[in-house]
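Working through the structure, step by step
Now for the letters of each chain:
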Amino acid sequence: MSVDAVLLESPTMRSTVAGRVEVLDRVRALRLLPDGIHVTTEVAAAYFGVAETVIKAVVFDHRAELVANDYRVVTGRELGCFKELCGIQSRARSLALFTRRTVLNVAMLLRDSETARQVRCYLLDAEQAGRSHAPVNRRPGPVENLAAMPEGSTDAAVARVAEQVVRSVVGTAVVPLLNALVAEVGGNSRRLDARDARVDRLERAVLGDEEWEAGRRRQRLLDALDEGVPDSLEGFDL
């Protein structure tokens, strides 16, 4: 079996490379319709150098797979709008449309086309290159894997030193910084409380005791309404 036959025979393999549409242009340029997305059966056949009936036969045999890769047929009002958009002069009552992804799918199914065979070869090369550059799983660090290390081994000793360094950094740098932040927040809170007290004294001096008390009651009433607690309204002079 030829190397590219794996794509002809394996739906699973085809699905893994279905998004590598860039390989189409490595073989030859695909002429899209004016919408910049689709091609017709005629254009797809010209790309692969086969008759339209060959493309239609592939669609007939593998319709579900092609539909999953954006193949569609437009009719009715949608067809009329599409013809107007793309300047298509045809009286056909339906139009089959392929995206680049669909054309790539056809390339993986079409046996009697040199262009399709070249596309499959490029696909396999791209897949192989992708696997060879796949990232290697990260090995756990010494501290993460300390429990699994043999007692007395070099790795265990290194892990203990690393753990001591981490603890030292946390104790000498992180904890003091957090304490400083807590102290600063506490100081800001006390300053805000002192400011509120000064504002209350100034309001009372300017408004007088009765008007100041009335304003405080109104504020408590508004706060209770904002909290949505009707019972909190008891005792207010409404």
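Refer to the structure above for everything that follows.
Reference entry: report on the structure contained in this document. (Residues numbered from 1 in each chain as written. Predicted model: local features only at pLDDT ≥ 70, side-chain atom pairs only at ≥ 80, totals over all residues. Heavy atoms only, no water.)

**Comments concerning the packing of aromatic side chains**
All told, the structure shown has two aromatic pairs when counted by the stated rule. Seen from their ring centres, tyrosine 47 and phenylalanine 48 are 5.0 Å apart, and the 90° between their planes marks the pair as edge-to-face. Look at tyrosine 47 and you get buried, because its relative accessible area is 3%. Between tyrosine 71 and phenylalanine 98 the ring centres are 5.1 Å apart and the planes differ by 65°, which places this aromatic pair in the edge-to-face class. With a gap of 27 residues between them, tyrosine 71 in the loop between helix 6 (63-68) and strand 2 (72-75) and phenylalanine 98 in strand 3 (residues 94-99) connect regions that are remote in the sequence. (Phe/Tyr/Trp six-rings, centres within 6.5 Å; stacked < 30°, edge-to-face > 60°. Buried < 20%, exposed > 50% of the residue type's maximum accessible area, 1.4 Å probe, protein only. Helix = DSSP H or I, 4+ residues; strand = E, 2+ residues; numbered from the N terminus.)

**Concerning the packing of helix 4 (residues 41-48) against helix 5 (residues 52-61)**
At a minimum axis separation of 8 Å, helix 4 and helix 5 run at an interaxial angle of 105°. With respect to helix 5, the element helix 4 is oriented roughly perpendicular. Of helix 5, the residues touching helix 4 (which contributes Thr41, Glu42, Ala44, Ala45 and Phe48) are Glu52, Ile55 and Lys56. Classifying every residue of the contact of helix 4 with helix 5 by side-chain character gives four nonpolar, one polar and three charged. (Axes fitted to C-alpha atoms, helices over the stretch in contact; angles between N-to-C directions. Parallel < 35°, antiparallel > 145°, perpendicular 65-115°, else oblique. Contact = heavy atoms within 4.5 Å. Nonpolar A, V, L, I, M, F, W, Y, C, P; charged D, E, K, R; others polar.)

**Quick look at the sheet that holds strand 2**
Hydrogen bonds along the backbone pair up the strands of a sheet, which may run parallel or antiparallel. Ordered in space as 1-3-2, the three strands form an open sheet in which the pairing is antiparallel. Both edges of this open sheet fall to strand 1 (38-40) and strand 2, since each of them pairs with a single strand only. In this sheet, adjacent strand axes meet at a mean angle of 45° when their direction is disregarded. Sheet topology note: the strand 2/strand 3 ladder contains four bridges and is antiparallel. Note that in strand 3 the partner of arginine 72 across the bridge is leucine 97. Across the face of the sheet, helix 4 comes into contact with strand 1 and strand 3 while running at roughly 85° to strand 1. (Pairing = 2+ DSSP bridges.)

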